[in-house]
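Architecture at a glance
Residue-level listing of the chains:
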2 protein chains.
Amino acid sequence: MRLEHSHSPQAIADRLSAGPSVSYLRDWIYGGIDGLVTTFAIVAGAVGADMSSRVVLILGLAKLIADALSMAAANYTGTKAEHEEYQKIREMEERHVALHPEGEREEVRQIFEAKGFKGQDLDRVVDIITEEQHRWIDTMMAEEHGMPLVNRLPSKAALAVFAAFVLCGSVPLLPYLFGLANAPIYALVMTAVTFFAIGSIRSFWSPRPWWVAGLETLSIGLLAAGAAYAIGDLLKTIV
Amino acid sequence: MRLEHSHSPQAIADRLSAGPSVSYLRDWIYGGIDGLVTTFAIVAGAVGADMSSRVVLILGLAKLIADALSMAAANYTGTKAEHEEYQKIREMEERHVALHPEGEREEVRQIFEAKGFKGQDLDRVVDIITEEQHRWIDTMMAEEHGMPLVNRLPSKAALAVFAAFVLCGSVPLLPYLFGLANAPIYALVMTAVTFFAIGSIRSFWSPRPWWVAGLETLSIGLLAAGAAYAIGDLLKTIV
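As the structure is a prediction and not an experimental result, all values here were calculated from the model. (Residues numbered from 1 in each chain as written. Chains lettered and ligands numbered in written order. Predicted model: local features only at pLDDT ≥ 70, side-chain atom pairs only at ≥ 80, totals over all residues. Heavy atoms only, no water.)

1. Concerning the environment of Asp27(B)
All names here are of chain B. Just so we agree on the cut-off: The secondary structure listing takes helices from DSSP runs of H or I that are at least 4 residues long and strands from runs of E that are at least 2 residues long, numbered from the N terminus. It only takes one pair of heavy atoms within 4.5 Å for two residues to be counted as in contact.
Position of Asp 27 relative to the elements: it lies in helix H2 (residues 25–46). With 85 residues separating them along the chain, Asp 27 and Phe 112 place their C-alpha atoms 34 Å apart. Dropping the residues within four chain positions of it, Asp 27 is found in contact with Asn 75, Arg 152, Ala 157, Ala 160, Val 161 and Ala 164.

2. Quick look at the interface of chain A and chain B
Convention followed: Buried area is calculated as the accessible area (1.4 Å probe) missing from two parts once they are joined, with the contributions of both summed. Basic side-chain nitrogens of Lys or Arg form a salt bridge, by our definition, when they fall within 4 Å of a carboxyl oxygen of Asp or Glu. Side-chain atoms alone can form a polar contact between residues adjacent in sequence; in general such a contact is a pair of N or O atoms within 3.5 Å, and within protein one must be able to donate a hydrogen while the other accepts it.
Tallying the contact residues gives 95 residues for chain A and 95 residues for chain B. Both sides of the chain A and chain B interface together cover about 8300 Å² of buried area, and 64% of this is carbon and sulfur. Here Glu84(B) makes a salt bridge to Arg202(A), at a shortest N to O gap of 2.9 Å. Scanning the region where chain A abuts chain B turns up 32 residue pairs in polar contact (both at pLDDT 80 or more).

3. A word on the relation of the copies chain A and chain B
For these two chain copies, the linking operation is a rotation about an axis paired with a shift along it. Applicable threshold: The superposition of copies rests on a least-squares fit of C-alpha positions from residues with pLDDT of 70 or more in both.
Overlaying chain A on chain B yields an RMSD of 0.0 Å, the required transformation being a rotation through 180° with an accompanying axial translation of 0.0 Å. This pairing of chains is accounted for by a two-fold axis. Of the interface residues in chain A, 100% have counterparts in chain B that sit at the interface too, so the contact is made through matching surfaces.

4. Considerations on the packing of helix H4 (residues 101–114) of chain B against helix H6 (residues 133–144) of chain B
Residue and element names in this part refer to chain B. To keep things clear, this is the line we draw: Simply put, an axis is a line fit to the C-alpha atoms, just over the touching stretch for a helix, and the angle between two N-to-C directions goes from 0 to 180 degrees. Throughout, the term roughly parallel applies to angles under 35 degrees, roughly antiparallel to angles over 145, roughly perpendicular to angles from 65 to 115, and oblique to all others. Crossings are classed by handedness, with left-handed meaning an anticlockwise turn of the near helix from the far one by less than a right angle and right-handed meaning a clockwise turn.
Contact geometry for H4 and H6: axes closest at 11 Å, N-to-C directions at 55°. Relative to H6, the element H4 is oriented oblique. H4 and H6 meet at a crossing whose hand is left-handed. Where H4 approaches H6, its residues Pro 101, Glu 104, Arg 105, Glu 107, Val 108, Ile 111 and Phe 112 are matched on the opposing element by Trp 136, Thr 139, Met 140, Glu 143 and Glu 144.

5. Structural notes on the UniProt feature "transmembrane region" (unreviewed entry) in chain A
Note the following rule: UniProt positions are given in the numbering used here, feature names are shortened, and annotations may be inferred rather than shown by experiment.
Per the UniProt annotation, the sites labelled "transmembrane region" (unreviewed entry) are residues 28–48, 157–178, 185–205 and 211–231 of chain A. The span residues 28–48 of chain A is 90% helix and 0% strand, and its two end C-alpha atoms sit 33 Å from each other.

6. Structural notes on the side chain of Thr39(B)
All names here are of chain B. To keep it simple, the criterion reads: Burial classification: accessible surface area is computed with a 1.4 Å probe over protein chains only, and a residue below 20% of its type maximum counts as buried, one above 50% as exposed, and the rest as partly exposed.
Of note, Thr 39 is situated in helix H2. Judged by its relative accessible area of 1%, Thr 39 is buried. Only 3.0 Å separates the side chain of Thr 39 from the backbone oxygen of Gly 169, close enough to count as a polar contact. Excluding anything up to four places from it in sequence, Thr 39 contacts Gly 60, Leu 64, Gly 169, Pro 172 and Leu 173.

Given below as structure tokens:
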């Protein structure tokens, strides 16, 4: 995301030809919160189970890496599915342009009419957009389908989720790594602080104040972590 | 996704005014694969641990629901972060238009120049687009930032991930639910079949043939599930 930039014609041309910047914010947030909730639930579940710090640490690490891999595989495939959906719709539009050019011209006409074009101006804009197939399809993709071509790489999306999951998911394990007394208490406090931190850091990409976003993520995270712990606890009593 | 449609002017107008359809495909794929990998790893991890079907089922269910909740919370927040990023960039563009209208006009000019507009046509299109602030900002969002306004609801994205996670994640538990002999073998076969099914169903939204997408998802899924199992197994020997 580029928040401030120069307005010289050359700077604008450079920026536009570089294309839109690709955001992996969603993947970082997704992986971070899920990693934190999952590992915290393990740590909390171990309370009262009379496990040594070493066992909690090893079980936690195993779960952390296995789940991060699973998330990466799932995000890779999900992001790829999104690309292929774009491709599928694009091929459909290419077919429509070949088979029903008049219908597709009418679509372009209505799109630009809605943008305030009228009479001769509208005729000209439709002529120019439909002059070249690539431009024509680009317009249909962005305006009709709300799908601009953005090169969100599945591999980078997968890597972002994996990194965020491992990074945030390690936090509840740190008190066990250092063999602290009262490790579960430290884990709870550090988990809460990290939820708040994820929220307030993400406020940099949001119009909301840092403490509002921080408190929101803290609430959602603690609710999910509490529910995860409670379900595990409830079902363990059934076993 | 609408693959075929009428080309009458009225049908086009109805379709365009309804806005682009919102896709939750990514969320379904993401949740489905992650749910399947995670639950399969639990079932596989229980092999040789001398657990009863009942215990595997209860542990698996606890994990299934807890992880699905965690994914839903993480996806909700990640999708919301994406919306707020849109809002933040939009407010930045509004500021730029207010402070440097000439620079932003130049951006619109270059965007339409790249689409093949020249001379008087280019002047007219820039005049019309920049006539109204809303239209001007919409153009910058879609063309400069590759961010059209798409109302992907965080609640629906969270629900899709949750549903897909629980649905696909239940599959490896079914042989335990029915108390089948050789439950782990059935679980492995059913997991493989489900990976293939996820891939071939998603080929409906992809230009690739169903069996290619099926085999790809099967490979990725089995790799992730195998790695998740191996890590758990390796670390258990250390404990």
